[in-house]
Amino acid sequence: MIGYGLYLATLALSLVIYVFAAQIIARMSQVWPFCMPALGGIAAYTTAISSTTFQLNPALSLILGILAASLVGAVSGILLSRMSPDRASIATLAIQIGWTAVFLNWSTVTRGALGISGIPGLIEQSTTSQRAMCSIAILGLVTVLWLVARIRVSGTILASLEAAHFESPAFLSGAGWPVENSRALSWAAASALAGLSGGVWAQFVSFIDPATFGASGALLIVCIALLSGRSALLATGITVGFVAFPESLRRLGVSSASGAAAQQIAFGLFVACAVAWSINRSAIYDDR
Amino acid sequence: MQFLLNAAASSALVSLIGFAIWIVYRSRGYYDFGLLLALVGSPFLVLAVVRAGGSSFLGILVALAVCAMIGATTTFILPAAPQDRKPLLVRLTVGSYGLWLAGQGLLFAVFGDQPLSFPQLANAPFFNIRQSSISSGELMQLAMALLMWLILASLSRRSTYWIAWKATATNNWSALYYGIPAQRIIACGAGAAYVCAAVAGITQAVSIDVTPYPAFSLFLNGAVVALIAEGLSLFKLFFASVAIGSAVTLAIITVGAVWQEVFSALALFAALAWLTFVSRKIR
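What you see is a predicted model, and the numbers here were worked out from it, not measured in a lab.

Calculation notes
Residues numbered from 1 in each chain as written. Chains lettered and ligands numbered in written order. Predicted model: local features only at pLDDT ≥ 70, side-chain atom pairs only at ≥ 80, totals over all residues. Heavy atoms only, no water. Helix = DSSP H or I, 4+ residues; strand = E, 2+ residues; numbered from the N terminus. Rg over C-alpha atoms; globule rule 2.2 N^0.38 Å. Buried < 20%, exposed > 50% of the residue type's maximum accessible area, 1.4 Å probe, protein only. Contact = heavy atoms within 4.5 Å. Areas by Shrake-Rupley, 256 points an atom, 1.4 Å probe, with all protein chains shown as cover. Buried area = accessible area lost by both parts, 1.4 Å probe. Salt bridge = Lys/Arg side-chain N within 4 Å of Asp/Glu carboxyl O. Polar contact = N/O pair within 3.5 Å; in protein donor to acceptor, adjacent residues only side chain to side chain. Nonpolar A, V, L, I, M, F, W, Y, C, P; charged D, E, K, R; others polar. Axes fitted to C-alpha atoms, helices over the stretch in contact; angles between N-to-C directions. Left-handed = near helix turned anticlockwise from the far one by under 90°. Patch = residues over 30% accessible without salt bridge, like charges linked within 9 Å, V, L, I, M, F, W, Y side chains within 5 Å. Disulfide = S-S within 2.5 Å. Phe/Tyr/Trp six-rings, centres within 6.5 Å; stacked < 30°, edge-to-face > 60°. pLDDT = per-residue confidence, 0-100. Expected span 1.5 Å × (residues − 1).

Draft legend 1. Summary view of the overall build of chain A. Helix and strand counts for chain A come out as 12 helices and 2 strands. Secondary structure of chain A in N-to-C order comes out as α-α-α-α-α-β-α-α-α-α-β-α-α-α. Scaling as 2.2 N^0.38, a compact globule of 288 residues should have a C-alpha radius of gyration of about 19 Å, and chain A matches this with 19 Å. Overall, chain A is about 55 × 45 × 35 Å in size when its C-alpha atoms are taken along their principal axes. Looking at chain A residue by residue over its 288 residues, the buried ones come to 56%. Long-range contacts, defined here as pairs at least 24 residues apart, represent 78% of the contacts in chain A between residues at least 6 apart. Total accessible area on chain A is roughly 12,300 Å²; 69% of this is exposed by carbon and sulfur atoms.

Draft legend 2. Representation of the overall build of chain B. Looking only at helices and strands, chain B has 11 helices and 2 strands in total. Sequence-ordered secondary structure for chain B, helices as α and strands as β, is α-α-α-α-β-β-α-α-α-α-α-α-α. The C-alpha atoms of chain B give a radius of gyration of 19 Å, which matches the 19 Å a tight globule of 283 residues would have. Once the C-alpha set of chain B is aligned to its principal axes, its extents read approximately 55 × 45 × 35 Å. Looking at chain B as a whole, 55% of its 283 residues qualify as buried. Partitioning the contacts of chain B with sequence separation of at least 6, the portion at a separation of at least 24 is 79%.

Draft legend 3. Structural detail: the interface of chain A and chain B. With 44 residues of chain A at the contact, the number on the chain B side is 43 residues. In total, about 3,900 Å² of surface goes out of reach between chain A and chain B, with carbon and sulfur atoms giving 76% of it. Across the contact surface, chain A and chain B share 0 salt bridges. Here chain A and chain B share 2 residue pairs in polar contact (both at pLDDT 80 or more) between them. Listing elements by their share of the side of chain A that touches chain B, those giving two or more residues are helix H3 (58-80), helix H4 (85-105), helix H10 (215-228) and helix H12 (256-280) of chain A. For the side of chain A that touches chain B, the residue count by class is 30 nonpolar, 8 polar and 6 charged.

Draft legend 4. Broad picture of the packing of helix H6 (residues 128-153) of chain A against helix H11 (residues 232-251) of chain A. Residues and elements named next belong to chain A. At a minimum axis distance of 9 Å, the contact between H6 and H11 shows a crossing angle of 145°. Residues Trp146, Leu147 and Arg150 of H6 pack against Ala232, Leu233 and Thr236 of H11. Of the residues contributing to the contact of H6 with H11, the split by class is 4 nonpolar, 1 polar and 1 charged.

Draft legend 5. Unusual backbone geometry, seen in detail. All names here are of chain A. We note that Gln55 has phi near 55°; this positive angle belongs to a residue other than glycine. If you trace the backbone, Gln55 turns up in the loop between helix H2 (36-52) and H3. For Arg111, which is not a glycine, the phi torsion comes out positive at approximately 60°. Relative accessible area serves as the criterion here: at 38%, Arg111 is assigned to the partly exposed category.

Draft legend 6. Local environment of the environment of Cys188 of chain B. Within the element layout of this structure, Cys188 of chain B appears in helix H8 (residues 182-207). Spatially, the C-alpha atoms of Cys188 of chain B and Gly71 of chain B are 8.3 Å apart, while their sequence positions differ by 117 residues.

Draft legend 7. Up close: the packing of H3 of chain A against H4 of chain A. Residue and element names in this part refer to chain A. It is the contact of H3 with H4, at a shortest axis distance of 11 Å, that shows an interaxial angle of 145°. Both H3 and H4 take part in a crossing whose hand is right-handed. Contacts from Val72, Ser76 and Leu80 in H3 reach Ala88, Ala91, Thr92, Ile95 and Trp99 in H4. Broken down by class, the residue content of the contact of H3 with H4 amounts to 6 nonpolar, 2 polar and no charged.

Draft legend 8. Spotlight on a nonpolar patch on the surface. Taken together, the side chains of Phe54, Leu56, Leu60, Ile63, Leu64 and Leu67 of chain A make up a nonpolar region of the molecular surface, amounting to roughly 570 Å² of accessible area. Its location among the elements puts Ile63 of chain A in helix H3.

Draft legend 9. Region of the structure containing the state of the cysteines. All names here are of chain B. Counted according to the given criterion, the structure contains 0 disulfides over all chains. Take Cys67: it sits in no disulfide, and the sulfur closest to it among the cysteines is that of Cys196, at 11 Å. Given a relative accessible area of 9%, Cys196 falls into the buried group.

Draft legend 10. Quick look at the packing of aromatic side chains. Residue and element names in this part refer to chain A. Throughout the structure, instances matching the rule amount to 18 aromatic pairs over all chains. For the pair Tyr7 and Phe204, a centre-to-centre distance of 6.2 Å together with 35° between the ring planes defines the contact as tilted. Highlighted residues: Tyr7 in helix H1 (residues 2-29) and Phe204 in helix H9 (residues 179-205), separated in sequence by 197 residues. Exposure remark for Phe204: the relative accessible area of 7% places this residue in the buried category. An aromatic cluster is present here, built from Tyr45, Trp99, Phe103 and Phe213 joined pairwise through their rings.

Draft legend 11. Region of interest: the confidence of the model for chain A. With 96% of its residues at a pLDDT of 70 or more, chain A has an overall mean of 83. In the model, residues 283-288 of chain A has pLDDT below 50 throughout and makes 14 contacts with residues more than four positions away in sequence or in other chains.

Draft legend 12. Inspection of the environment of Cys223 of chain A at higher detail. On the secondary structure map, Cys223 of chain A appears in helix H10. If near-sequence neighbours (up to four positions away) are discounted, Cys223 of chain A is found in contact with Phe267 and Val271 of chain A together with Val94 and Tyr97 of chain B.

Draft legend 13. How the structure looks around H4 of chain A. Between its terminal C-alpha atoms H4 of chain A stretches 30 Å, which fits the 30 Å expected from 21 residues at 1.5 Å a residue. With respect to burial, H4 of chain A is a largely interior element, 17 of its 21 residues being buried.

Draft legend 14. Up close: the confidence of the model for chain B. Looking at chain B as a whole, its pLDDT mean stands at 81, while 92% of the residues score no less than 70. Of all helices and strands in chain B, the one with the weakest mean pLDDT is strand E1 (residues 126-129) of chain B (71), whereas helix H2 (residues 35-51) of chain B scores best (90).

Draft legend 15. Focus on helix H1 (residues 2-28) of chain B. Residue and element names in this part refer to chain B. In this model H1 runs 38 Å from its N-terminal to its C-terminal C-alpha over 27 residues, within 8% of the 39 Å that 1.5 Å per residue would give. Burial analysis of H1 places 21 of its 27 residues in the buried class, which makes it a mostly covered element. Downstream of H1 by a residue or two, Gly29 has a phi angle that is positive, lying close to 80°.

Below, the structure written as structure tokens:
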């Protein structure tokens, strides 16, 4: 039971960091990124391949994975920053689906649908609960640091700069601020966060396959990011609620399969209603 | 000959889903993931009717009617984005994804996630034409796409409904001021889109097993068609469907079916890049 609790905690923290990464991109470049799991997958596969095939140190493999995700994110960001936000958002969905297909079909490297097993944890010869504690420590530390940073930054010039990127990038550009460069940088930073989440998850479960980084997860992350707006705390709350929902149903005697279906139905309706409410609440269609 | 048959069938399927995405994208301003519900859910509705003792034909009629109703209802849940407020595109797209998630969850709860076989609609699974073969499902896709284009061609020439839809798609607020019942027109358009997606789903189910997992590559191809067919021209939509359908067939022959999703993703990316970097400069 403790093991399952640790698993859920790691899953929730991993998802929270993906949502933080999506929020960074959304606020800095007006793009809702549907490719977060793909970036996490790039890091996870790089970590897994370098630590299993090339026998590299697990910590070094994780850093390599994060760098790979960051590089792909930066290149994507440079391309996408030149598109209009709505087109770029849809293009990120294409990136997500394309990368998932690469994970699935480039079987000589990724082992296709079979996945890669036996990925070593950060601590050598560690037990499952030790791996979980290690992952929770890393992901939890990043989450707490991010939450604190968001609170500290609130009301400062950095927050104003971020808001300006979302609300009036043309003004910023006119004032001489390198908007496109800062957007590419935000893509790189957000991709590094997503990469950290993906890499740590791979080392925690010691097995990855393409289904872990599918398009459904990508849409889920954007749903949570969209619902939580710029609030990191709300994002954490919604994510934890989402992960804990089937477990709370299981406690009430609902079977796991029915619980998963109920989770999906409830979350789907919640998203649709929240979007409909947020649009209808105002007579003028204000997206802020 | 075989390539032509495959390309025609692929174009037919792409045109059905492409038209569905296009009509919602143009009139409501977002990519409607709810269409996946019609695409994936319609074969399950047919199965449910057949299991309850009804015929396949009745099942198809019920499925199309239910999908049309769902399509029309979604327009009341998620409003149309005004033409000058593009940022709503992602928000509404995500809202429609929520509807799809809820629908898929319902399918999981009722039918489970195991593949189910679809009732046979034709006596022969394959038909031979000059040493080439075409499956009954593909033949149905061709027939239904042809029917759809004939109806659309007829509508666009003779019906005031089409003119009202174009006015609504161009600017729904102005259309309202001119006395056009914009909400009803948009609901009818969405109903027609969901029927087309349901037809695509049912004809696909003839050849492959029925599962609650959607073919994202097909949705992506439809999105590419909707993007390429800028404006409200049916000719552009038809041309885009044929082009993407043929390109998909060519990609399957040359690089293999397993890379189809990568191809679809690249096609969507290329279409977006073209619209951003080339099309703007031409104008």
